[in-house]
Protein chains: 2
Amino acid sequence: MAGQAPRASEDGLIARYFAPLAGPGADGMRDDAATLTPSPGCDLVLTADAVVAGVHYFPDDPPASIARKALGVNLSDLAAKGAAPRGFLLTLALPDDWTEGWLSAFAEGLGVAAAAAACPLLGGDTVRSGGPALIGVTAFGEVPAGGMVRRTTARVGDRLCVGGTIGDGALGLLLRRDPPWATTLDGGMRDHLADRYLHPRPRLALALLLRRYARAAMDVSDGFAGDLAKMLGEGRGALVEAGSIPLSPAAAAALATEPELIVPILTGGDDYEVLCALPPEALDAFLAECSGAGIPMTPVGTVVAGDRTPVFAMPDGTHRRFGAGAFSHF
Amino acid sequence: MAGQAPRASEDGLIARYFAPLAGPGADGMRDDAATLTPSPGCDLVLTADAVVAGVHYFPDDPPASIARKALGVNLSDLAAKGAAPRGFLLTLALPDDWTEGWLSAFAEGLGVAAAAAACPLLGGDTVRSGGPALIGVTAFGEVPAGGMVRRTTARVGDRLCVGGTIGDGALGLLLRRDPPWATTLDGGMRDHLADRYLHPRPRLALALLLRRYARAAMDVSDGFAGDLAKMLGEGRGALVEAGSIPLSPAAAAALATEPELIVPILTGGDDYEVLCALPPEALDAFLAECSGAGIPMTPVGTVVAGDRTPVFAMPDGTHRRFGAGAFSHF
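If you're wondering where the values come from, they're calculated on a predicted model, not measured in any experiment. (Residues numbered from 1 in each chain as written. Chains lettered and ligands numbered in written order. Predicted model: local features only at pLDDT ≥ 70, side-chain atom pairs only at ≥ 80, totals over all residues. Heavy atoms only, no water.)

Q: Honestly, the overall build of chain A in this entry has me stumped. Any pointers?
A: If you tally the helices and strands in chain A, you get ten helices and twelve strands. Computed over the C-alpha atoms, the radius of gyration of chain A is 21 Å, within 12% of the 20 Å expected from 2.2 N^0.38 for a compact globule of 330 residues. Projecting the C-alpha coordinates of chain A onto the three principal axes gives extents of approximately 65 × 55 × 35 Å. A buried classification covers 58% of the 330 residues belonging to chain A. Counting every atom, chain A has about 11,500 Å² of accessible surface; 55% of that belongs to carbon and sulfur. If you average the places of the 26 positive and of the 37 negative side-chain charges in chain A, the two averages end up 4 Å apart. (Helix = DSSP H or I, 4+ residues; strand = E, 2+ residues; numbered from the N terminus. Rg over C-alpha atoms; globule rule 2.2 N^0.38 Å. Buried < 20%, exposed > 50% of the residue type's maximum accessible area, 1.4 Å probe, protein only. Areas by Shrake-Rupley, 256 points an atom, 1.4 Å probe, with all protein chains shown as cover. Lys, Arg positive; Asp, Glu negative; His and termini not counted. Charge placed at Lys NZ, Arg CZ, Asp CG, Glu CD.)

Given below as structure tokens:
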């Protein structure tokens, strides 16, 4: 439980690396707490997600990428809930072999990601992990009072849409093991998949449109099929056109080479795209506004009466189910 | 990165153990985020502190005690900032050998501690730690707008007071190693010290009085001397009467046996008492109100011009300094 003499104390680390990232309410990280007040007429939206070395990222990933992921996975939750970011707290549990070089690059990457999302650091805690690094973020956003977009409020008949492309993160992870199918992709495709695994792209610009149009929404972080199952409550299922799931050119090329990659594409994690359910009459206006805002958004299926298990209509005419929770970070 | 088949999934764990603790705004833990809105005219106060097995507690401590500590260290920060608790988020990073028995006892203890503080669970995240357990809490409180009691705002001439007794937690930790001085304490004294190490007693009832009277405050968690140094800003020091530091009968008996225990008493951690600075003219009224509320509060010194290093006037007439950061959890 002793301090590590050759390196800075916790307070020294905070002053050197994190105080420069502090936003209003953080008081320069000189206190044990920060203040935050939502805008008049707004609720705060709170979310907490942690990433662990060797579980959610590779320990030798670039520190700036790790920082971007740690914040990004939380920003993705805020976006899916319709919330605009206000700030975050950081719990940084460091392994015994941390270095100032790592920490400096981590803090710099965190600052860049926080600035890009207008989501300043408000405070936090730094501890020894006694094992791998763990980076816990609690992020705060705001919505007009009562306006948070919920997860399990879709109704039978609602149309399901998903943003961006699905499966890139999972394929980017598989790529780390040099699978045979990787050789059929060109360098740009491989780079795309690798980047999607490393760097969530939280869909912050979607928040307002989700609040306006969506009946339910969540971010896809633990696999499309499993997360869709979580969205379906008692008495509801979903029928999904597997062929309509939006794929990047890289994912489409990989799938063409190896058809069973449909399993990691639909059940792997690390998409950080938004899945939402809309009343059918709102679909056209929603898609038009997404298009106008430059946000790719694709209708993929419909909420039906059922047992919470999404059914995928495959291009070959068969129906297929993918186990919820086929992928788990836990 | 695979789920652990014989045990519940993350969602199963949440539904079984944590959903019963969920407060308003948590929506039964069925969403990826919660909402929280401060009372009209209030700021939210945010604080995050994590505890790690083998760093902040012993892995074989009772799970309910670990839960109470994880929440209590955060509630202690809220109290010192003058804030009334509103709720918390939990980041639970579990080692590979976690058991449902441990988790059940942990959740039960957490529920008891949360109910006692009127501070409900609002959400969180559960992950594999890949090492020791880590329990991260982000706690939310509220104060009237602008009313958070700050840490570094004491002025020269302010009187310093500390609540409860100092050093019990540090001696309780030392007691785990069966030191020679322990044999001179009776069983009740040993139990007292052991309990103070295990179980923070956040001084929630002090919050209102600190807002009304204190110019600055913080909770004493990393050792009285080091934390006092953190409270002192540029150009300020402190003169402390070491003999006036409030000790429990157990700590006093230990110190009588072994005078150098003054070092862990003044520099050890785990006190979770409140240190505050008051304008001299407010001292009598503050002490009277504390007394009326049944909260032990002791004047221990004065803020003086200086170099941020507290000087302790010892009972033998000498002056002594204790290194800030002699104790660190980091």
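Further notes follow.
Q: Help me out: how do you make sense of the packing of helix α1 (residues 10–18) of chain A against helix α3 (residues 100–116) of chain A in this one?
A: The relative placement of two packed helices comes down to the angle between their axes together with the axis-to-axis distance. All names here are of chain A. At a closest axis distance of 10 Å, the pairing of α1 and α3 adopts a crossing angle of 45 degrees. With respect to α3, the element α1 is oriented oblique. Residues Leu13, Arg16, Tyr17 and Phe18 of α1 lie in contact with α3, whose contacting residues are Glu100, Leu103, Ser104, Phe106, Ala107 and Leu110. Of the residues contributing to the contact of α1 with α3, the split by class is seven nonpolar, one polar and two charged. (Axes fitted to C-alpha atoms, helices over the stretch in contact; angles between N-to-C directions. Parallel < 35°, antiparallel > 145°, perpendicular 65-115°, else oblique. Contact = heavy atoms within 4.5 Å. Nonpolar A, V, L, I, M, F, W, Y, C, P; charged D, E, K, R; others polar.)

Q: Looking at this model, I keep getting lost on helix α7 (residues 224–231) of chain B. Mind explaining?
A: Two residues of an α-helix separated by three or four positions point the same way, owing to the 3.6 residues in each turn. In terms of residue burial, α7 of chain B counts as a mostly covered element, since seven of its eight residues are buried. Among all positions of α7 of chain B, only Phe224, Ala225, Gly226, Asp227, Leu228, Ala229 and Met231 of chain B are buried.

Q: Please clarify how the UniProt feature "binding site: ATP" (unreviewed entry) in chain A should be interpreted in this entry.
A: Per the UniProt record, the feature "binding site: ATP" (unreviewed entry) sits at Gly124, Asp125, Arg151 and Ser221 of chain A. On the basis of their most widely separated C-alpha atoms, the annotated residues across 98 residues do not gather in one place, lying as much as 30.1 Å apart. With respect to the helices and strands, the residue Arg151 of chain A is situated in the loop between β5 (134–144) and β6 (159–163). Apart from residues no more than four positions distant in its own chain, Arg151 of chain A is found in contact with Lys81, Ala216, Ala217, Met218, Lys230 and Met231 of chain A together with Arg30, Asp31 and Asp32 of chain B. A distance of 2.8 Å separates a polar side-chain atom of Arg151 of chain A from the backbone oxygen of Arg30 of chain B. Tracing the sequence through the fold places Ser221 of chain A in the loop between β7 (216–220) and α7 (224–231). (UniProt positions renumbered as here; feature names shortened; annotations may be inferred. Polar contact = N/O pair within 3.5 Å; in protein donor to acceptor, adjacent residues only side chain to side chain.)

Q: Just checking my understanding: could you explain the packing of aromatic side chains for this structure?
A: Where two aromatic rings form a pair, the distance of their centres and the angle of their planes describe that pair. Residue and element names in this part refer to chain A. Applying the stated rule across the entire model yields eleven aromatic pairs over all chains. Judged by centre distance (6.1 Å) and plane angle (65 degrees), the ring pair of Phe224 and Phe312 falls under edge-to-face. You can see Phe224 sitting in helix α7 and its partner Phe312 sitting in strand β11 (residues 310–313), a full 88 residues away along the chain. In this structure Phe224 comes out as buried when scored by relative accessible area, which is 0%. A ring pair is formed by Phe312 and Phe322, whose centres lie 5.1 Å apart and whose planes are at 85 degrees; its orientation type is edge-to-face. A residue pair is termed long-range when its members are at least 10 positions apart, and Phe312 in strand β11 and Phe322 in the segment after β12 (319–320) qualify at ten residues. With respect to burial, Phe312 and Phe322 carry one shared label: buried. Here the aromatic residues Phe224, Phe312 and Phe322 are joined through ring pairs into a cluster of three or more. The ring of Tyr197 carries Lys69 above its face, with NZ or CZ at 3.7 Å from the centroid. (Phe/Tyr/Trp six-rings, centres within 6.5 Å; stacked < 30°, edge-to-face > 60°. Lys NZ or Arg CZ within 6 Å of the ring centre and 35° of its normal.)

Q: Help me understand the interface of chain A and chain B, please; the structure alone is not making it clear to me.
A: Interfaces are frequently sized by the accessible area removed from exposure as the parts join. Each side of the interface is counted separately: chain A has 63 residues, and chain B has 62 residues. Buried area between chain A and chain B, both sides added, is near 5,300 Å², and the carbon and sulfur share of it is 58%. The tally of links between chain A and chain B comes to four salt bridges. With a closest N to O distance of 3.1 Å, Arg151 of chain B and Asp32 of chain A form a salt bridge. Among the elements of the structure, α1, β1 (34–36), β2 (42–52), β3 (84–94), β4 (121–128), β5 and β7 of chain A are those that each provide at least two residues to the side of chain A that touches chain B. The greatest single-element share of the side of chain A that touches chain B, amounting to ten residues, is contributed by β2 of chain A. Classifying every residue of the side of chain A that touches chain B gives 30 nonpolar, 17 polar and 16 charged. Pairing of β1 of chain A with strand β2 (residues 42–52) of chain B, which is carried by three bridges, proceeds in the antiparallel orientation. Paired with Ala34 of chain A across the bridge in β2 of chain B is Leu46 of chain B. (Buried area = accessible area lost by both parts, 1.4 Å probe. Salt bridge = Lys/Arg side-chain N within 4 Å of Asp/Glu carboxyl O. Pairing = 2+ DSSP bridges.)

Q: Looking at this structure, how should I read the pairing of strand β8 (residues 236–241) of chain B?
A: Residue and element names in this part refer to chain B. Sheet analysis places β8 next to strand β10 (residues 297–305), joined by five bridges and oriented antiparallel. Bridge assignment links Arg236 to a residue of β10, and that residue is Ala305. Two strands pair when backbone bridges link them, and β8 and strand β11 (residues 310–313) are joined in this way by four bridges, in the parallel orientation. Bridge pairing in β11 places Leu239 opposite Val311.

Q: Any chance you could explain the domain arrangement of chain A here in plain terms?
A: Residue and element names in this part refer to chain A. When cut into domains, chain A gives domain 1 (10–144) and domain 2 (159–320). With centres defined by C-alpha atoms, the gap from domain 1 to domain 2 works out at 27 Å. Taken residue by residue, the interface counts 22 residues in domain 1 and 18 residues in domain 2. Viewed at the interface, domain 2 and domain 1 are joined by two salt bridges. Note that Arg176 is salt-bridged to Asp61, the shortest N-O span being 2.6 Å. Here domain 1 is connected to domain 2 by seven residue pairs in polar contact (both at pLDDT 80 or more). (Domains from an automatic or database assignment.)

Q: Could you clarify how one ought to interpret the pattern of salt bridges in this entry?
A: If charged atoms from side chains of opposite charge come close, those side chains can pair. All names here are of chain A. Under the defined criterion, the tally for this structure stands at 36 salt bridges over all chains. Where Glu260 meets Arg320, a salt bridge forms, and the shortest distance between an N and an O atom there is 3.0 Å. You can see Glu260 sitting in the loop between α8 (249–257) and α9 (262–267) and its partner Arg320 sitting in strand β12, a full 60 residues away along the chain. The class for Arg320 is partly exposed, based on a relative accessible area of 26%. When salt bridges that share partners are traced, they join Asp168, Arg196, Arg203 and Glu273 into one network.

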